[in-house]
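The lines below spell out each chain.
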Amino acid sequence: MTDDIYSTVAERASAAFEVQGSEFIGHAAPVPDVAEAEAFVDAVSDEYEDATHNVPAYRVRADPFREYSSDDGEPTGSAGKPALNVLQQRDVENVAVVVTRYYGGTNLGVGGLARAYSKAVKDAVDEAGIVERRPHESVSVTVDYDDSGTVRGIVESADVEFDAEYEEEVTLEMRVPVAEAADLRDRIRSATSGRARIE
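Residues numbered from 1 in each chain as written. Predicted model: local features only at pLDDT ≥ 70, side-chain atom pairs only at ≥ 80, totals over all residues. Heavy atoms only, no water.

Focus: the nonpolar core
With 25 residues, the main nonpolar core has Phe24, Leu87, Val97, Tyr117 and Val121 as its most contacted residues. Elements with a contribution of two residues or more to this core: β2 (13–19), β3 (22–30), β4 (53–60), α2 (80–90), β6 (95–102) and α3 (109–128). In this view, tyrosine 117 contacts Phe24, His53, Val55, Glu74, Ser78, Ala79, Val99 and Arg101; residues no more than four positions away in its chain are not counted. Core analysis: the second largest hydrophobic core is formed by 17 residues, Val141, Val143, Ile188 and Ala196 among them. (Core = buried A, V, L, I, M, F, W, Y, C linked by side-chain atoms within 4.5 Å. Buried < 20%, exposed > 50% of the residue type's maximum accessible area, 1.4 Å probe, protein only. Helix = DSSP H or I, 4+ residues; strand = E, 2+ residues; numbered from the N terminus. Contact = heavy atoms within 4.5 Å.)

This is how it looks when you write it as structure tokens:
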């Protein structure tokens, strides 16, 4: 898993069009991991269970990197691979797509299918919008009240999202860019002379 910036889709979106009577609906969603990608595929397939085909593809930053596609009953190579190719060409990651097809009575042939499935993914990705993201990790810091002001100051200056809970001790839960997490932990440790409990 690298800590570099990557591109993904901004939000869930879908786009539809018709080709010779067949309706194609492309669905795209940002997903953090393989489990969420598969959950999205299952959810769309359930919602459109009356469709002739629901063709899935996803690219997920995992260890190792995962790419997946299926033709879902369409001729081999006519649906899943063209869908995945669009994600590869756009260089988007942590994205799942499903193309729903309602058959309209005319066979489109492998080339026609490949073009239609590619277009459905392109349209859905365009509709969702592409954004840049940095991988984050969760960091939890627990300190005594005496150290809480110091730690809060460090966290605020690092400009990361956090929630603070004030109970017997103070716990700060943060989302920190992976590239900056080690440095932030070190700063908190040295500022509290090692008293902060960091997870």
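Having seen the structure, we can now continue with the description.
Some details on α3
Here α3 contains 20 residues, and its C-alpha end-to-end distance of 29 Å stays within 8% of the 28 Å for a straight helix at 1.5 Å per residue. If you check which residues of α3 are buried, you get Gly112, Leu113, Ala114, Ala116, Tyr117, Ser118, Ala120, Val121, Ala124, Val125 and Ala128. Of the residues trailing α3, glycine 129 is marked for its positive phi of about 80 degrees. (Expected span 1.5 Å × (residues − 1).)

Description of the packing of α2 against α3
Two numbers describe how α2 lies on α3: the axes approach to 8 Å, and their chain directions differ by 45 degrees. Relative to α3, the element α2 lies oblique. The two elements α2 and α3 meet at a crossing, and its hand is right-handed. On the side of α2, the interface is formed by Pro82, Ala83, Val86, Leu87 and Arg90, while α3 contributes Ala114, Ser118, Val121, Lys122, Val125 and Asp126. When grouped by side-chain class, the residues that make up the contact of α2 with α3 number seven nonpolar, one polar and three charged. (Axes fitted to C-alpha atoms, helices over the stretch in contact; angles between N-to-C directions. Parallel < 35°, antiparallel > 145°, perpendicular 65-115°, else oblique. Left-handed = near helix turned anticlockwise from the far one by under 90°. Nonpolar A, V, L, I, M, F, W, Y, C, P; charged D, E, K, R; others polar.)

A short note on the packing of helix α4 (residues 145–158) against helix α5 (residues 178–191)
The geometry of α4 relative to α5 is characterised by a closest axis approach of 10 Å and an angle of 155 degrees between their N-to-C directions. One element, α4, and the other, α5, form an angle in the roughly antiparallel class. Crossing angle aside, the handedness with which α4 passes α5 is right-handed. Together, Thr150, Val151, Ile154, Val155, Ser157 and Ala158 of α4 and Leu184, Arg187, Ile188 and Ala191 of α5 make up the contact between the two elements. Considering only residue class, the contact of α4 with α5 consists of seven nonpolar, two polar and one charged.

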